[in-house]
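# Chains, contacts and geometry: an overview
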Amino acid sequence: MLAWQDSLFDQSSERLSFDGVRRDALSATSWVDVVPGWLPEHEQLFGWLLQHADWHQRSRVMWEQEVLEPRLTAFFDGGLPPALEELRLAVSDRYAVEFDSCLVNLYRDGNDAVAWHGDSVRKTMLNPLVVTVSLGSARRFLVRRRGGGPVLKEYAPGHGDLMVMGGAMQHSFEHAVPRQPHASGARMSVTMRHSHPVGPAG
Ligand SMILES: O=C(O)CCC(=O)C(=O)O
């Protein structure tokens, strides 16, 4: 673990760069930033989280029945391990907001998924930013207008890709990671959110 941390910090000038960022405008007020291959050590972080994160399978009540979510999640409250803290600092610096919560999803295989939704942080915030760093195999990530309609955008995040959803996206659009029977392997999404509003630059 220590050797790995040292190697992360050794190359810091080259890493976690936003030089290759692309902003996809979904509308005049909603957007997604994408940086392919943002985190070079995605395999190491995947392996570390798989072993060390506190994985749970959450459940929710739907139509009066308790249903298990089709994925595992690990929530980091309080201090983050160094490799996640480095990511948090990089995106907080870039977007001028303090990302202060981190939830990691593990899609064990193509049967794991997340249904259409807008992140619940929209209920307490005007234009929340939601960061996702994808580790492991790529999975389909779909975007549609809130409430239904055709898929408007499709991504295939994996292997260290960074996506940041911003502007009014959580209010006006929904996203999903659908079941994908022939997915090539497991995927994790390291997601980060903030609890204080974004400043004028965001
Ligand atoms: O795995 C992803 O990229 C999406 C995760 C997600 O939508 C969520 O955590 O709310």
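Residues numbered from 1 in each chain as written. Predicted model: local features only at pLDDT ≥ 70, side-chain atom pairs only at ≥ 80, totals over all residues. Heavy atoms only, no water.

Let us look at the sheet that holds strand E13 (residues 187-194). Read from one edge to the other, the open sheet built from 7 strands follows the order E1-E2-E11-E8-E13-E6-E5, with strand pairing classed as antiparallel. Looking at which strands have only one partner, the edges of the open sheet turn out to be strand E1 (22-25) and strand E5 (72-76). Strand-to-strand, the axes of this sheet are offset by a mean angle of 20°, without reference to chain direction. Relative to strand E2 (residues 30-35), E1 runs antiparallel, the two being bridged by 4 bridges. The residue of E2 that forms the bridge with Arg 23 is Asp 33. Relative to the sheet, helix H2 (residues 42-52) contacts E5, strand E6 (99-107), strand E8 (130-136) and E13, its axis offset from that of E8 by approximately 90°. (Pairing = 2+ DSSP bridges. Helix = DSSP H or I, 4+ residues; strand = E, 2+ residues; numbered from the N terminus. Axes fitted to C-alpha atoms, helices over the stretch in contact; angles between N-to-C directions. Contact = heavy atoms within 4.5 Å.)

By way of backbone hydrogen bonds, the strands of a sheet pair with one another, either parallel or antiparallel. As summarised here, the arrangement of the 4 strands in space is E7-E12-E9-E10, forming an open sheet in which the pairing is antiparallel. Unpaired on one side and paired on the other, strand E7 (114-117) and strand E10 (153-155) mark the two borders of the sheet. On average, adjacent strands in this sheet sit at an angle of 15° to one another, irrespective of strand direction. Two strands pair when backbone bridges link them, and E7 and strand E12 (residues 173-177) are joined in this way by 2 bridges, in the antiparallel orientation. Across the sheet, the residue bridging to His 117 is His 175, located in E12.

Looking now at helix H3 (residues 82-95). The end-to-end C-alpha distance of H3, which contains 14 residues, comes to 20 Å, matching closely the 20 Å that a straight helix rising 1.5 Å per residue would cover. Positive phi shows up at Ala 96, right after H3, with a value of about 55°. (Expected span 1.5 Å × (residues − 1).)

Turning our eyes to something else, we now look at the packing of aromatic side chains. Within a pair of aromatic rings, the relevant descriptors are the distance that separates the centres and the angle that separates the planes. Tallied over the full model, the rule gives 4 aromatic pairs. Taking the centre distance of 6.2 Å and the plane angle of 80° together, the rings of Phe 18 and Tyr 95 count as edge-to-face. Of the two residues, Phe 18 is situated in the loop between helix H1 (2-10) and E1 and Tyr 95 in helix H3; the sequence distance between them amounts to 77 residues. Side by side, Phe 18 and Tyr 95 carry an identical accessibility label, which is buried. Ring centres of Phe 141 and Tyr 155 lie 6.3 Å apart, and the angle between their planes is 70°; this geometry places the pair in the edge-to-face category. Here the residue Phe 141 occupies a position in strand E9 (residues 141-145), and Tyr 155 occupies one in strand E10, the gap between them amounting to 14 residues. Relative accessible area serves as the criterion here: at 5%, Phe 141 is assigned to the buried category. By the ring-pair criterion, three or more aromatic residues cluster together here, those being Phe 18, Trp 31, Trp 38 and Tyr 95. Across from the ring centre of Trp 31, 3.5 Å away, lies the NZ or CZ of Arg 23, which sits over that ring. (Phe/Tyr/Trp six-rings, centres within 6.5 Å; stacked < 30°, edge-to-face > 60°. Buried < 20%, exposed > 50% of the residue type's maximum accessible area, 1.4 Å probe, protein only. Lys NZ or Arg CZ within 6 Å of the ring centre and 35° of its normal.)

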